[in-house]
Structure formats: structure tokens, C-alpha cells
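# Tertiary structure, described
If you want the building blocks of each chain, they are given just below.
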Amino acid sequence: MTPASSHSPLRTVQVLGGGNAASSAHVRSLAAGLVARGVRVTVCAPVEADDTYDFTGAGADHVHVPRSSDPGSVAALRVACTGADLVHAHGLHASFRTALALSGRRTPLVVTWHDRAHADGPRAHFLRVLERRVVKAAAVVLGTTSALVDRARRAGARDARLAAVSLPGRRTSPVPDDPDRLRSKARAELGAIGRPLFIAVGSLDRHRGYDVLLDATHAWRRLDPVPLVVLAGEGPLRGELQRRIEDEELPVRLIGRRDDVTDLLAAADIALLPSRWESRSPLAQEALHARVPLVATAVGGIPELVGDAAELVPYGNARALADAVVRLLDDPGRRELLRERGVRQAATWPTEDETVAQVLSVYDELTQPRPLS
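Residues numbered from 1 in each chain as written. Predicted model: local features only at pLDDT ≥ 70, side-chain atom pairs only at ≥ 80, totals over all residues. Heavy atoms only, no water.

Here seven strands make up an open sheet; going across it, the order is β3-β2-β1-β4-β5-β6-β7 and the pairing parallel. Of all strands in the sheet, those with a lone pairing partner are β3 (61–64) and β7 (160–162), marking the two edges. Within the sheet, the average angular offset between the axes of one strand and its neighbour, ignoring direction, is 20°. With four bridges connecting them, strand β4 (residues 86–90) and strand β5 (residues 109–113) associate as parallel partners. Looking at the pairing, His88 lines up with Val110 of β5. Against the sheet, helix α1 (residues 21–36) makes contact with β1 (11–16), β2 (40–45) and β4, and its axis sits at roughly 170° relative to β1, the strand it touches most. (Pairing = 2+ DSSP bridges. Helix = DSSP H or I, 4+ residues; strand = E, 2+ residues; numbered from the N terminus. Axes fitted to C-alpha atoms, helices over the stretch in contact; angles between N-to-C directions. Contact = heavy atoms within 4.5 Å.)

In this section: helix α9 (residues 238–247). Here α9 has its buried residues at Leu241, Arg244 and Ile245. Burial along α9 is one-sided: seen end-on, the buried residues are contained in an arc of 100°. Residues Arg243, Glu246 and Asp247 are exposed on α9 and point more than 90 degrees away from its buried face. On its buried side, α9 packs onto α8 (210–220) and β10 (252–254). Phi for Glu249, located one or two positions after α9, is positive at around 50°. (Buried < 20%, exposed > 50% of the residue type's maximum accessible area, 1.4 Å probe, protein only. Arc of directions from axis to C-beta.)

Turning next to the pattern of salt bridges. Once the charged atoms of two side chains with opposite charge are near each other, the side chains can pair. This model, assessed by the stated rule, comprises 19 salt bridges. Residues Asp159 and Arg161 are paired through a salt bridge, measuring 2.8 Å at the closest nitrogen-oxygen approach. The partly exposed category is assigned to Arg161, whose relative accessible area is 22%. A salt bridge links Arg161 to Glu365; the nearest nitrogen and oxygen atoms lie 2.8 Å apart. With a gap of 204 residues between them, Arg161 in strand β7 and Glu365 in helix α15 (residues 352–366) connect regions that are remote in the sequence. Judged by its relative accessible area of 48%, Glu365 falls in the partly exposed class. Among the charged side chains, a salt-bridge network with shared partners connects Asp159, Arg161 and Glu365. (Salt bridge = Lys/Arg side-chain N within 4 Å of Asp/Glu carboxyl O.)

Glancing now at the confidence of the model for the protein. For the protein, mean pLDDT is 91; residues scoring 70 or higher make up 92% of the total. Every residue in residues 1–6 scores below 50 in pLDDT, and together they form eleven contacts with partners more than four places removed in sequence or on other chains. (pLDDT = per-residue confidence, 0-100.)

Take the packing of aromatic side chains next. As enumerated under the stated definition, the model contains two aromatic pairs in all. Measuring from ring centre to ring centre gives 6.3 Å for Tyr53 and Phe55, while their planes differ by 20°; the resulting arrangement is stacked. With a relative accessible area of 22%, Tyr53 lands in the partly exposed category. With centroids separated by 5.2 Å and ring planes inclined at 80°, the aromatic side chains of Phe198 and Trp220 adopt a geometry described as edge-to-face. Residue Phe198 is located in strand β8 (residues 197–201), and its partner Trp220 is located in helix α8; the two are separated by 22 residues in the primary sequence. Each member of the pair, Phe198 as well as Trp220, carries the same accessibility label: buried. (Phe/Tyr/Trp six-rings, centres within 6.5 Å; stacked < 30°, edge-to-face > 60°.)

End to end, helix α14 (residues 332–346) covers 21 Å across 15 residues, agreeing with the expected 21 Å (1.5 Å per residue, within 8%). Along α14, the residues that are buried comprise Arg335, Leu338, Gly342, Gln345 and Ala346. Down the axis, α14 shows its buried residues gathered within 85° of arc, on one side only. Structural note: α14 exposes Pro332 and Arg344 on the side pointing more than 90 degrees away from its buried face. Residues of α14 that are buried make contact with α11 (282–289), α12 (302–306), β13 (311–313) and α13 (318–329). (Expected span 1.5 Å × (residues − 1).)

This part covers the sheet that holds strand β11 (residues 270–273). Reading across the sheet, the six strands line up as β10-β9-β8-β11-β12-β13 and stay open at both edges, with parallel pairing between neighbours. Each edge of the open sheet is held by one strand with a lone partner, namely β10 and β13. The sheet shows a mean angle of 20° between the axes of neighbouring strands, direction not considered. Relative to strand β12 (residues 294–297), β11 is paired through three bridges, and the arrangement is parallel. Pairing of Ala271 across the sheet is with Leu294, part of β12.

Following the sequence through the fold, Glu131 ends up in helix α5 (residues 122–137). Taking the relative accessible area as the measure of exposure, Glu131 reaches 8% and is therefore buried. Those residues in contact with Glu131, other than ones at most four positions away along the chain, are Leu92, Trp113, Arg151 and Ala155.

Right under this line is the structure:
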């Protein structure tokens, strides 16, 4: 829905905390789609986020707003949101700062929860307090999974809805002249010649379940040939994971943050997602698009996202994870079935156009036509 020509352009502000890759990519995609439909967009995010995601290249204005730890971030947001018809914040911390910045104003606030914050003990209680504060300030809360929508409603949201969220920036790549050669080259570079290759992608944080994954690799060492597990990502657990890999002589490689995940998946036999929590996992979506069998934990939004197109196991159960992978290796027919189901499941996910259309319909509900000045 494009603003009518008889009205001044809708002016929106998109607010990011700057720390989540999925939400940043979503805002970049959303900004491009909104600008193409005649909406004025300002993105408030740390300058390094604009360097990475190029919001200005999408036609949006960018205003540097420091991360939440900076005491000046709320004041900077308050200035940036002055005169906006609607403000849309992404993520819990960005939403909380935005609610503070809009205090005393009648500017509608839309909030999108892309994921849930991970914490235990007193910090978990603190995060619940933030959630209640945010949902009370928001006119509409959009959750990327049904679980997040339910969480917002339990926190007191007066209007919580399931968000249409695409896999941002995905383009259909041309088929390479010799895909087998490129696959062999990638496998050689990773050290997986003549052996199965398993790929996991994500930050090296506690909630990713990589400790469980390393436990599972003990069972795979008994296979012939021994599979190689490759973890792409960086994070605070890198040192701890690397020590385990070396001390226990595990067939695992940490290769750091990569921007060629599509190529890694094209070389893989199986994709692994052992997390304690996921919403709309980019890895799960890329794996199904790439026709790579996926073994994932049945947590958060994963079952809703993948349907019957993946092998799902309980979180924290290394034996279940190991056994599911071994069964897939021994069953080519099952792997092909998952590939076919993955393509069908991926076709049901929202496109970028559908995502923008849903967001615009929410904006239209919350704003009134503005006569030309």
C-alpha cells in the first residue's frame, strides 16, 4: 500500500540496537521496500551497522545512535524521532530505549521481536520487566514466531501479531558451469575430501548448543570415514570450544565468521542446528533452500519454520543428535525426501514483498492521512 498522492509521504523511523544480524538485514530489506513505495525512512543504528548493511544505499537516511550501553542513546533517539509519523523498533533493547525516547509523545510505536533475549537468574527477571514495559508502550507487537507472539501477549501486549518475515537479501544465484567442481573445491579447502561434511553456522554463544554438538561428535568418531564438523561463527566461547576440540581430539574445525554461507552449505552433506532457542533461523532457511538435509533441535520457532522438512531432536540430548545424523548418513532415500520437502516448505515462506506489504498495512492502521502543507 503506497501512500496516496494527495497526502504527504509517510515518515517512519526504524530503530536498531545494532547487534543482531538477522534484524539488521531485515531492516535493510524493509527500508528498501518502503522507500520504493514512497515512504520516507530514517534508520537509527550505530554507524558500524550502516557500514555493514548500507541503509543509505537502500534510500534511507541514517542517524547514528549509540548502542544501549551509551547513556546518550535515548537522547539521540528522541531527537531523531521528532516529527516522525510512526516509529518501528526491532529487538527488546532497541524497543525499550525507543519507548523511553517517545515518552510523553503520541507517536505510534510498532515493535518487532525477532528473537528472545537469553539470560538466567536475576538478569532473566530484569529482561521480563523490560518486555512488560515495551509491550505496554507499543501499539502493535510483531513476533517472528508464534512463541514470540504468545510471549508478548503474556507480557501484556494489547495487540500482538505474527510477523511475515522473509529471508532478507536472498537472490537466486546463477547455476555455476561446474557445480561439482566448485563443491569439490570447497570441500578440499575445508579438509573434507572423502568424508562426510557437516556444517553449523552461528555465533559461538552458550545458547547455540555447541557444547552438546561437541558431545555428539564422540559418536561420529567411530564412523568410517570419520565426518568433519565445521562451525562458522565467532563469539565468546571460541577459546573454550577450541580447547575441547584439541583436548578431546574431536573432528571439528572452527573457521570464524564467514560471508559465504551459501557456498559452505552447497559443499555440506548435512546442516546442524543444535540451539537451545531459535526463532526464524537463517541457517535453517538457507539449508532448506539449498536442498541440504537439516538436523535441528525442536525449540522456539524451528518446528513451525521447517515443518516436516528436517529431522528434529530434543535440545541438550547429544545421543539423539548423534543418532539422527547417523540414520541420515545411512539412508540416502531419507536425505532425498528431506531435500524435496525442504523446497516445498521454503516456497511457503513470505517473500520480501509480502513482508513489506504486511508492515505497510500495520502502518496504515496506525496513521491518519495527512493533507499536503
